[in-house]
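# Structural overview
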Amino acid sequence: MEYFLGIDYPTLWYLVIGLLFSGYAILEGFDFGAGAWHLFFRKDLSRRIAINAIGPVWDANQVWLVIGGGALFAGFPVMYATMLSAMYIPFMLFLMFNVLRAAAIKFRSAEEMAWWRKGWDIIYSVSCILIAFLLGVVLGNILQGFAIGPNYTYKGGVFFSFLNPYAIMVGITTLSIFMTQGAIYLLLKTEDRLHDRLAFLLQKGMVFFILSFGMTTLYTLVFIPEVTANFREHPIYFVVPVISFLAVANVPRLVSKKQYMLALVFSSLTMAFLLILVALQLYPTLLISTIDPKYNVTIYNAASSQKSLGIMLTIVVIGAPLLAGYFFFLYRTFNGKVKLDDTSY
């Protein structure tokens with residue numbers, strides 16, 4: 001087993017993939033959240049401003065998904081294949097709604113007809129809602145486990161087995177935190193009456209998130225106690241849920257003081273800490289087998305060769321600063337309130 005800084009290569013790659021998907025959840029989270037609120041805006045001007053708030057960054061944010069998916073395939077090909085087999089339907093729906101969302105953003109303002117814009121508005125908002133929901137559904141299924149048998153082959157159902165009660169609850173919770181993230185981001189990018197409207201909607205969104213998060217947490221502790229096994233073995237891990245709850249509680253306080261940038265930071269930290277919580281719950285398991293624990297997919301039996309992981313980690317060390325610099329330049333360039341002009345969507 002090869003090590004770097006005292007950490008074995010599979011664990012390092014586990015951390016890299018976790019970082020990439022955390023970046024995707026945080027950055028695309030406010031994109032999807034902004035889209036989920038889209039139909040709550042009554043005027044065409046408000047909807048155009050909301051779309052233009054994410055216009056310069058939404059496609060760049062998807063880079064995190066592309067890199068994360070590629071890293072997962074390269075680092076843990078067994079997990080990639082097994083999870084794709086188990087979650088084939090939600091992943092196909094996810095891709096379809098991503099295509100529809102992109103088309104809606106590009107085509108909405110191509111024509112002036114009211115019916116044309118209203119149709120694309122509906123497609124855009126529904127796509128964002130369902131993408132957020134499906135991401136949560138996949139996460140909920142990962143936490144519960146899959147029917148994985150010998151040779152890490154998926155033995156479960158195909159079509160609607162992914163829509164179990166717990167996965168639906170996690171999907172709703174994911175949608176709620178994305179909507180909170182999206183409303184906060186739009187508050188930073190808008191002004192006047194739309195800004196006031198978003199402040200009202202954000203209050204509703206935070207209540208939605210707190211209720212759904214509380215119910216999902218309670219359900220997890222009561223009906224899926226095995227996810228806390230790692231925490232019982234390593235009590236130090238309980239620091240993470242405590243910090244998560246503090247971050248959640250701090251968002252409404254900052255919003256009430258109209259400190260929206262800090263509220264966005266703590267909303268992002270909430271998402272990051274919740275994903276860290278999931279990583280700690282599972283480690284070193286990637287996919288839990290509900291048939292027999294001996295069929296669990298772990299970071300060790302699913303990893304590529306040590307040499308491959310070493311080469312890819314070298315690429316990460318070189319590429320990470322470049323990626324960070326690109327996003328710093330992007331968000332700094334398009335900082336400030338949205339103004340409509342000839343180049344707007």
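Just so it is clear, the structure is predicted and the values come from calculations on it, not from any experiment. (Residues numbered from 1 in each chain as written. Predicted model: local features only at pLDDT ≥ 70, side-chain atom pairs only at ≥ 80, totals over all residues. Heavy atoms only, no water.)

## Examining helix α7 (residues 114-144)
- Relative to the 45 Å expected for 31 residues at 1.5 Å per residue, α7 spans 45 Å between its end C-alpha atoms, a close match to the ideal helical length.
- Immediately beyond the C-terminal end of α7, within one or two residues, lies Gly145, with a positive phi of roughly 105°. (Helix = DSSP H or I, 4+ residues; strand = E, 2+ residues; numbered from the N terminus. Expected span 1.5 Å × (residues − 1).)

## Observations concerning the nonpolar core
- Counting 105 residues, the largest nonpolar core has Trp13, Phe41, Phe76, Met79, Phe146, Leu286 and Leu287 as its most contacted members.
- In terms of residue count, the dominant contributor to this core is helix α1 (residues 9-36) (15 residues).
- Leaving out residues up to four positions away in the same chain, Leu287 has contacts with Met79, Thr82, Met83, Ile142, Phe146, Ile148, Asn296 and Val297. (Core = buried A, V, L, I, M, F, W, Y, C linked by side-chain atoms within 4.5 Å. Buried < 20%, exposed > 50% of the residue type's maximum accessible area, 1.4 Å probe, protein only. Contact = heavy atoms within 4.5 Å.)

## With respect to the packing of aromatic side chains
- For the coordinates displayed, the defined rule picks out 17 aromatic pairs.
- When the ring of Phe32 is compared with that of Phe178, the centres are 6.2 Å apart and the planes differ by 35°; the resulting orientation is tilted. You can see Phe32 sitting in helix α1 and its partner Phe178 sitting in helix α8 (residues 165-189), a full 146 residues away along the chain.
- Judged by relative accessible area, Phe178 falls into the buried class, the value being 4%.
- By the ring-pair criterion, three or more aromatic residues cluster together here, those being Phe30, Trp64, Tyr185, Tyr326, Phe327 and Tyr331. (Phe/Tyr/Trp six-rings, centres within 6.5 Å; stacked < 30°, edge-to-face > 60°.)

## Some points on the packing of α8 against helix α12 (residues 260-282)
- Contact geometry of α8 with α12 gives a least axis separation of 9 Å together with a crossing angle of 155°. What the angle tells us is that α8 and α12 run roughly antiparallel. Note that α8 runs across α12; the crossing there is left-handed. Judged by residue contacts, Ile177, Phe178, Gln181, Ile184, Tyr185, Leu187 and Leu188 of α8 engage Tyr260, Met261, Ala263, Leu264, Ser267, Ser268, Thr270, Met271 and Leu274 from α12.
- In terms of residue class, the contact of α8 with α12 is built from 12 nonpolar, 4 polar and no charged. (Axes fitted to C-alpha atoms, helices over the stretch in contact; angles between N-to-C directions. Parallel < 35°, antiparallel > 145°, perpendicular 65-115°, else oblique. Left-handed = near helix turned anticlockwise from the far one by under 90°. Nonpolar A, V, L, I, M, F, W, Y, C, P; charged D, E, K, R; others polar.)

## Looking at the packing of helix α11 (residues 239-256) against α12
- For the pair α11 and α12, interaxial distance at closest approach is 8 Å and the crossing angle is 160°. Comparing their axes, α12 and α11 come out roughly antiparallel. Two packed elements cross with a definite hand, and for α11 against α12 that hand is left-handed. Note on element contacts: α12 touches α11 through Tyr260, Leu262, Ala263, Phe266, Ser267, Thr270, Phe273, Leu274, Ile276, Leu277 and Leu280, opposite Val240, Pro241, Ile243, Ser244, Ala247, Val248, Asn250, Val251, Leu254 and Val255.

## Thoughts on the UniProt feature "transmembrane region" (unreviewed entry) in the protein
- Here, UniProt's "transmembrane region" (unreviewed entry) annotation points to residues 12-41, 86-103, 123-146, 166-188, 200-224, 236-255, 262-283 and 309-331.
- Secondary structure within residues 262-283 divides into 95% helix and 0% strand; the distance between the first and last C-alpha atoms comes to 31 Å. (UniProt positions renumbered as here; feature names shortened; annotations may be inferred.)

## Here's the deal with unusual backbone geometry
- Following Tyr283, the chain continues into Pro284 via a peptide bond in cis, with omega recorded as 0°.
- Within the fold, Pro284 resides in the loop between α12 and β3 (285-287).
- The backbone of Asn151 sits at a positive phi, close to 60°, despite the residue not being glycine.
- Assignment of secondary structure puts Asn151 in the loop between α7 and α8.
- Phi is positive for Lys258, which is not a glycine, with a value near 60°.
- Looking at the element boundaries, Lys258 is found in the loop between α11 and α12.

## Some details on the pattern of salt bridges
- Throughout the structure, instances matching the rule amount to 7 salt bridges.
- Residue Arg108 is joined to Asp44 by a salt bridge in which the shortest nitrogen-to-oxygen separation is 2.5 Å. Taken together, the positions of Arg108 in the loop between α6 (88-107) and α7 and Asp44 in helix α2 (residues 44-54) put the pair 64 residues apart, joining distant regions of the chain.
- Residue Asp44 is classed as partly exposed on the basis of its relative accessible area, which comes to 32%.
- The closest approach of N and O atoms between Arg117 and Glu112, which form a salt bridge, is 3.5 Å.
- Exposure remark for Arg117: the relative accessible area of 8% places this residue in the buried category.
- Connected through shared salt-bridge partners, Asp44, Arg47, Arg108, Glu112, Arg117 and Asp121 make up one network. (Salt bridge = Lys/Arg side-chain N within 4 Å of Asp/Glu carboxyl O.)

## Description of the environment of Asp8
- Along the chain, Asp8 turns up in strand β2 (residues 7-8).
- Separated by 179 residues in the primary sequence, Asp8 and Leu187 have C-alpha atoms spaced 43 Å apart.
- In this structure the side chain of Asp8 is engaged in a polar contact, spanning 2.9 Å, whose partner is the side chain of Thr11. (Polar contact = N/O pair within 3.5 Å; in protein donor to acceptor, adjacent residues only side chain to side chain.)

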